[in-house]
Amino acid sequence: MGNGLLSDLGLPLMLFIPALADYLPGCLDTRALAHVRIVQGEAALGQMRRFVALHQSIQALDDHATPELDRAVALSHHLLWDLTGLLTQ
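About the thresholds
Residues numbered from 1 in each chain as written. Predicted model: local features only at pLDDT ≥ 70, side-chain atom pairs only at ≥ 80, totals over all residues. Heavy atoms only, no water. Helix = DSSP H or I, 4+ residues; strand = E, 2+ residues; numbered from the N terminus. Buried < 20%, exposed > 50% of the residue type's maximum accessible area, 1.4 Å probe, protein only. Contact = heavy atoms within 4.5 Å. Areas by Shrake-Rupley, 256 points an atom, 1.4 Å probe, with all protein chains shown as cover. pLDDT = per-residue confidence, 0-100. Expected span 1.5 Å × (residues − 1). Patch = residues over 30% accessible without salt bridge, like charges linked within 9 Å, V, L, I, M, F, W, Y side chains within 5 Å. Salt bridge = Lys/Arg side-chain N within 4 Å of Asp/Glu carboxyl O. Axes fitted to C-alpha atoms, helices over the stretch in contact; angles between N-to-C directions. Parallel < 35°, antiparallel > 145°, perpendicular 65-115°, else oblique. Nonpolar A, V, L, I, M, F, W, Y, C, P; charged D, E, K, R; others polar. Arc of directions from axis to C-beta.

Scanning the chain for helices and strands turns up 3 helices and 0 strands. Counting helices and strands in the order they occur from the N terminus, the chain gives α-α-α. Burial analysis of the chain (89 residues in total) assigns 12% to the buried set. Long-range pairs, those at least 24 residues apart, make up 54% of the contacts in the chain between residues at least 6 apart in sequence. With the model as given, the accessible surface of the chain reaches about 7200 Å², and the carbon-plus-sulfur share is 65%.

Here it is as structure tokens:
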């Protein structure tokens, strides 16, 4: 507050931020699970590593920037996401 922060704004923030520290991590974790897949188990991880290596090799070929390779990278990404969903079930 000594650095120019108004007291009518600073005091509510000081009271509100600790409440967010308890609520926000759980909310962010729930939101992240919509965009993240977690693969567990040795067999599933082995399969996932193989498909990630294949996806990376397709991405490496994409330097030539042809429409076919662009489409292959997009399909590879979607297939990798779908495969990860199957491996997590």
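Now that the structure is up, let's keep going.
For the chain, the mean per-residue pLDDT works out to 79, and 89% of the residues sit at or above 70. Per-element confidence in the chain ranges from a low mean pLDDT of 80 for helix H1 (residues 7-32) to a high of 83 for helix H2 (residues 42-61).

Right, let's get into helix H3 (residues 67-88). Because an α-helix packs 3.6 residues into every turn, residues spaced three or four apart end up facing the same way. Here H3 spans 32 Å end to end across 22 residues, near enough to the 32 Å set by a 1.5 Å rise per residue. Along H3, the positions that sit buried rather than exposed are Val 73, Ser 76, Leu 80, Leu 83, Thr 84 and Gly 85. The inward-facing, buried residues of H3 abut H2.

The residue Ile 38 is located in the loop between H1 and H2 in this model. Linking Ile 38 and Thr 88, residues 50 residues apart in sequence, is a C-alpha distance of 6.5 Å. When residues no more than four places from it in sequence are discounted, the contact partners of Ile 38 are Leu 33 and Thr 88.

Take a nonpolar patch on the surface next. Where nonpolar side chains cluster on the molecular surface, the patch consists of Leu 9, Leu 13 and Ile 17 and spans about 260 Å² of accessible area. Turning to its location among the elements, Leu 9 is positioned in helix H1.

Looking now at the packing of H2 against H3. At their nearest, the axes of H2 and H3 sit 9 Å apart, and the two run at 170° to each other. The orientation of H2 with respect to H3, classified from their angle, is roughly antiparallel. Each of Ala 44, Gln 47, Met 48, Phe 51, Val 52, His 55, Ile 58, Gln 59 and Leu 61 in H2 lies in contact with H3, whose residues at this interface are Leu 69, Ala 72, Val 73, Ser 76, His 77, Leu 80, Leu 83, Thr 84 and Leu 87. Looking at side-chain class alone, the contact of H2 with H3 contains 12 nonpolar, 6 polar and no charged residues.

With 20 residues, H2 should cover 28 Å at 1.5 Å per step; its first-to-last C-alpha distance of 29 Å lies within 8% of that length. Buried within H2 are the following residues: Ala 44, Met 48 and His 55. On an axial view of H2, the arc spanned by its buried residues comes to 25°, and they lie on one face. Opposite the buried face of H2, at more than 90 degrees from it, the exposed residues are Glu 42, Ala 43, Arg 49 and Arg 50.

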